[in-house]
Amino acid sequence: MVTVVNSKADVLKATAALTVNCNAAKSLQEIMKSNLGPRGTLKMLVGGAGQIKITKDGCALLNEMQIQHPTACMIARAATAQDDMTGDGTTSNVLFIGELMRLSEQYLSEGLHPRMIVEGFDLARQETLKFLEDFKKPVVTRGDAIDREILYSVARTSLKTKLPEDIALKLSDICVDSVLCIDRREIANEPIDLHMVEILTMKHKLVSETRLVQGMVLDHGSRHPDMPEKLENCYILTCNVSFEYEKTEVNSGFFYSSAEQRDKLVESERAFTDDKVKKVIELKRRVCDCEEGKGKSFVVINQKGIDGPSLEAFAKEGIIALRRAKRRNMERYIAFSWVGGLSCWLGSSVLGVRL
């Protein structure tokens, strides 16, 4: 029988292979154990291009490290898979596996077969799950009787292992409140969609200035100085219509016999866009001037462009018009359409719609 392996690979058999696998798990444990807990140390990672990342998050470290050993790579994948499912416990998972392998070495040196050790691990897992079923405490996570303090404690436990204490305490409240804001289980019986929570990075701000906006925040504002900066109790029109002159999709040419003919073509092109703007303005007057719409204002959020003359027309009507909005934000507006009493404000850098 011929065995073909990589010429650069180490070939180990029997006890030597078990020892190498145990050492790989213990080596990974030694690297990760200083990260555990609120007093864990930060590690600085330097990429191939010289970029620097400072973190104590176990998942970030395992993703950035280049692990060659197959056993250590399998442990890292199992730990990161847990982070993908639950969002925490990566470092604890690696430390737990490393300690089990450390304890297994003693029994392997005494001649115990690895299969017996694996069966013991399986029995321990079953007993642990049985204990957790009896030990667990039900928590109310929906409705008016929701136990917020338990949720805050869970968030603090996770964040304090990754961030300084003062920042972790502030972000714990923000995280819990943001998830409760998108919880629609009582109303529509839908699971929580974490994609409804978006993190906008403001590069000119500090981490300590992080705050929660219970509503929609856009990373752009209006493009006309005469538009109002703040509107309350608004009707919001979301559309995917171009309010600007667009070139033809096919190559074409126009020949004029006089300047008047060219002026007529320009006027007709402008009239096509102006008609769409006038229809939006008519809609605004119709809904805001009726009995139910008195005292309300109007906001237009468009996925495509809005040119200067169209912006000026909207500004004269007191409409805030936003152009080139992201599709995912439009979908969030539809998801939140069941919420009443919308208001919006325009700041120096972002515009948000408060729910």
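Just so we're clear, the structure is a prediction, and the values are computed from it rather than from any experiment. (Residues numbered from 1 in each chain as written. Predicted model: local features only at pLDDT ≥ 70, side-chain atom pairs only at ≥ 80, totals over all residues. Heavy atoms only, no water.)

Chemist: Explain the overall build of the chain here, please?
Modeler: A tally of helices and strands in the chain yields eleven helices and nine strands. For the chain, the residues scored as buried account for 29% of the 355 residues in total. Considering only contacts in the chain between residues 6 or more positions apart, those separated by 24 or more positions represent 64%. (Helix = DSSP H or I, 4+ residues; strand = E, 2+ residues; numbered from the N terminus. Buried < 20%, exposed > 50% of the residue type's maximum accessible area, 1.4 Å probe, protein only. Contact = heavy atoms within 4.5 Å.)

Chemist: Explain unusual backbone geometry here, please?
Modeler: As a rule of thumb, non-glycine residues mostly have phi less than zero, and peptide bonds are mostly trans rather than cis. Positioned with a positive phi, N233 is a non-glycine residue whose angle comes to about 55 degrees. Inspection of the secondary structure assignment puts N233 in the loop between β4 (230-232) and β5 (234-239). Residue classification places N233 among the partly exposed positions, given a relative accessible area of 35%. Even without a glycine there, the phi angle at R324 is positive, about 55 degrees. Counting through the fold element by element, R324 comes out in the loop between β7 (320-322) and α11 (327-335). Residue classification places R324 among the partly exposed residues on the basis of a relative accessible area of 49%.

Chemist: I would appreciate a short explanation of the packing of aromatic side chains in the present structure.
Modeler: The geometry of two aromatic rings is summed up by the distance between their centres and the angle between their planes. A complete count under the given rule lists two aromatic pairs for this structure. Aromatic side chains F131 and F135 sit 5.2 Å apart centroid to centroid with 20 degrees between the ring planes, which places their arrangement in the stacked category. With F131 and F135 both in helix α5 (residues 114-135), this residue pair falls four residues apart, about one helical turn. Judged by its relative accessible area of 49%, F131 is partly exposed. Their ring planes at 85 degrees and their centres at 5.8 Å tell us that F243 and F314 sit as a pair that is edge-to-face. (Phe/Tyr/Trp six-rings, centres within 6.5 Å; stacked < 30°, edge-to-face > 60°.)

Chemist: Which parts of the structure should I look at to understand the pattern of salt bridges?
Modeler: Side-chain pairs of opposite charge can arise where the charged atoms are in close proximity. Tallying each qualifying case throughout the model produces 18 salt bridges. D307 is the salt-bridge partner of R270, the closest N and O atoms lying 2.7 Å from each other. With R270 in helix α9 (residues 259-288) and D307 in the loop between β6 (297-302) and α10 (308-316), this pair connects stretches of sequence that are 37 residues apart. (Salt bridge = Lys/Arg side-chain N within 4 Å of Asp/Glu carboxyl O.)

Chemist: Explain the sheet that holds β6 here, please?
Modeler: As a general point, the strands of a sheet are linked pairwise by backbone hydrogen bonds and lie either parallel or antiparallel. An order of β5-β6-β7 is seen for the three strands of this open sheet, with the pairing classed as parallel. Taken across any chain shown, the strands that pair with only one partner, and hence form the sheet edges, are β5 and β7. For this sheet, the mean angle separating the axes of adjacent strands, direction not counted, is 15 degrees. Bridge count for β6 against β7 is three bridges, and the pairing is parallel. When the bridges of β7 are listed, V300 appears paired with A321. Across the sheet, α9 lies against β5 and β6, angled at about 145 degrees from β6, the strand it touches most. (Pairing = 2+ DSSP bridges. Axes fitted to C-alpha atoms, helices over the stretch in contact; angles between N-to-C directions.)

Chemist: I'm lost on the environment of L18 in this one. Help?
Modeler: Note that L18 resides in helix α1 (residues 15-32). Take L18: its relative accessible area is 32%, and that puts it in the partly exposed class. The spatial distance from the C-alpha of L18 to the C-alpha of L108 is 8.7 Å, given a sequence separation of 90 residues. The contacts of L18, once residues within four sequence positions are left out, are L108 and P114.

Chemist: What am I meant to see in α1 here?
Modeler: For the α-helix, the turn length of 3.6 residues means that residues three or four positions removed from each other point alike. Helix length check: α1, at 18 residues, gives a terminal C-alpha distance of 26 Å against a target of 26 Å (1.5 Å per residue), a fit within 8%. Where α1 is concerned, the buried positions are C22, A24, A25, K26, L28, Q29 and M32. Check the buried side of α1 and you find it contacts α2 (58-64), α3 (70-86) and α4 (90-109). (Expected span 1.5 Å × (residues − 1).)

Chemist: Whenever I open this one, the nonpolar core confuses me. Can you help?
Modeler: The biggest cluster of nonpolar side chains holds 15 residues, and the ones touching the most others in it are F243, V300, F314 and A321. The contact partners of V300, leaving out residues within four places of it in the chain, are L237, C239, V280, I319, I320, A321 and L322. Core analysis: the second largest hydrophobic core is formed by eleven residues, M216, C234, I320 and Y333 among them. (Core = buried A, V, L, I, M, F, W, Y, C linked by side-chain atoms within 4.5 Å.)

Chemist: Looking at this model, I keep getting lost on the side chain of S104. Mind explaining?
Modeler: Secondary-structure assignment places S104 in helix α4. Taking relative accessible area as the criterion, S104 reaches 6% and is therefore assigned buried. Filtering out sequence-adjacent residues up to four positions away, S104 remains in contact with I117 and F121.

The values reported here are purely geometric and, on their own, carry no functional implication.
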